[in-house]
Amino acid sequence: MKRALTLLITVILILCAAQAACAEGTPDEDFSRALNALTEEGGIVLYASQCGRRGAAVIEKDGLCSLWVLCRENGEWQTCYENKQAVCGESTVVLDTDDMLILTKPFPWYDEYHEQFYFTYDGDWVLS
């Protein structure tokens with residue numbers, strides 16, 4: 001019980017920090033255009049988040065979902081990370097800072113959700 005309470009408090013603090021760090025609400029126009037370019041051939045953006053010069057999205061294409069992280073370099077958005085096996089249709093993604101994201105997805109065997117934390121390490125996105 002104590003462990004569950006500690007986990008709950010940790011998640012609440014992380015979510016509060018996420019709101020404080022990147023409370024932008026909707027992605028900017030350039031990021032939205034970059035997402036539209038990724039989905040031109042039939043994909044659908046299920047969930048997106050942006051913080052500074054980074055943006056992340058859960059994109060469904062051909063019945064498969066994937067996690068995309070885009071980076072703005074020299075004024076242009078480009079893919080800096082993609083994981084085709086990280087997400088499902090019910091996943092959400094929130095960029096806490098432009099170097100850390102929280103991916104939330106349901107457990108496949110019961111109706112609870114869990115978080116995966118990705119961050120940049122030496123310029124690469126890694127799962128913690």
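Preceding block: the structure.
Since this is a predicted model, take the numbers as computed values, not measurements.

A. The arrangement of a nonpolar patch on the surface in detail. A cluster of nonpolar side chains, Ile-44, Leu-46 and Tyr-47, forms an exposed patch at the surface whose accessible area comes to about 250 Å². With respect to the helices and strands, Tyr-47 occurs in strand β1 (residues 44-51). Looking at Tyr-47, the relative accessible area reads 36%, which means it is partly exposed.

B. Representation of the environment of Leu-70 in the model. Structurally, the position occupied by Leu-70 is in strand β3 (residues 64-73). The class of Leu-70 is buried, set by a relative accessible area of 2%. Remark: the alpha-carbon pair of Leu-70 and Arg-54, spanning 16 residues in sequence, is separated by 5.7 Å. Excluding residues within four positions of it along the chain, Leu-70 makes contact with Phe-31, Ala-34, Leu-35, Leu-38, Arg-53, Arg-54, Gly-55, Trp-77, Gln-78, Thr-79 and Cys-80.

C. View of helix α2 (residues 29-38). Of all the residues in α2, the buried ones are Phe-31, Ala-34 and Leu-35. End-on view of α2: buried residues confined to an arc of 100°, all on one side of the axis. Of the surrounding elements, those touching the buried residues of α2 are β1, β2 (54-61), β3 and β4 (76-83). The backbone nitrogen of Asp-30 has a side-chain oxygen 3.2 Å away, supplied by the residue at the start of α2, namely Asp-28.

D. Layout of the nonpolar core. Ranked by size, the top nonpolar core spans 16 residues in total, and within it Leu-67, Val-87, Val-93, Leu-101, Leu-103, Tyr-118 and Trp-125 carry the most contacts. Secondary-structure elements contributing two or more residues to this core are β2, β3, β5 (92-97) and β6 (100-106). Here this core takes four residues from β3, the largest share from any one element. What Leu-67 contacts, discounting residues up to four positions off in sequence, is Ala-57, Tyr-81, Glu-82, Asn-83, Ala-86, Val-87, Val-93, Leu-101, Leu-103 and Tyr-118. Formed by eight residues, the second largest nonpolar core is a distinct cluster that contains Ala-34, Ile-59, Trp-68 and Trp-77.

E. Main features of the packing of aromatic side chains. Within the structure shown, the criterion is met by two aromatic pairs. On the basis of an interplanar angle of 55° and a centroid distance of 4.9 Å, the ring pair of Phe-31 and Trp-77 is categorised as tilted. With Phe-31 in helix α2 and Trp-77 in strand β4, this residue pair connects regions lying 46 residues apart in the sequence. Looking at Trp-77, the relative accessible area reads 14%, which means it is buried.

Reading the values: rules and limits
- Residues numbered from 1 in each chain as written.
- Predicted model: local features only at pLDDT ≥ 70, side-chain atom pairs only at ≥ 80, totals over all residues.
- Heavy atoms only, no water.
- Patch = residues over 30% accessible without salt bridge, like charges linked within 9 Å, V, L, I, M, F, W, Y side chains within 5 Å.
- Areas by Shrake-Rupley, 256 points an atom, 1.4 Å probe, with all protein chains shown as cover.
- Salt bridge = Lys/Arg side-chain N within 4 Å of Asp/Glu carboxyl O.
- Helix = DSSP H or I, 4+ residues; strand = E, 2+ residues; numbered from the N terminus.
- Buried < 20%, exposed > 50% of the residue type's maximum accessible area, 1.4 Å probe, protein only.
- Contact = heavy atoms within 4.5 Å.
- Arc of directions from axis to C-beta.
- Polar contact = N/O pair within 3.5 Å; in protein donor to acceptor, adjacent residues only side chain to side chain.
- Core = buried A, V, L, I, M, F, W, Y, C linked by side-chain atoms within 4.5 Å.
- Phe/Tyr/Trp six-rings, centres within 6.5 Å; stacked < 30°, edge-to-face > 60°.

All we've got here are geometric facts, nothing functional implied.
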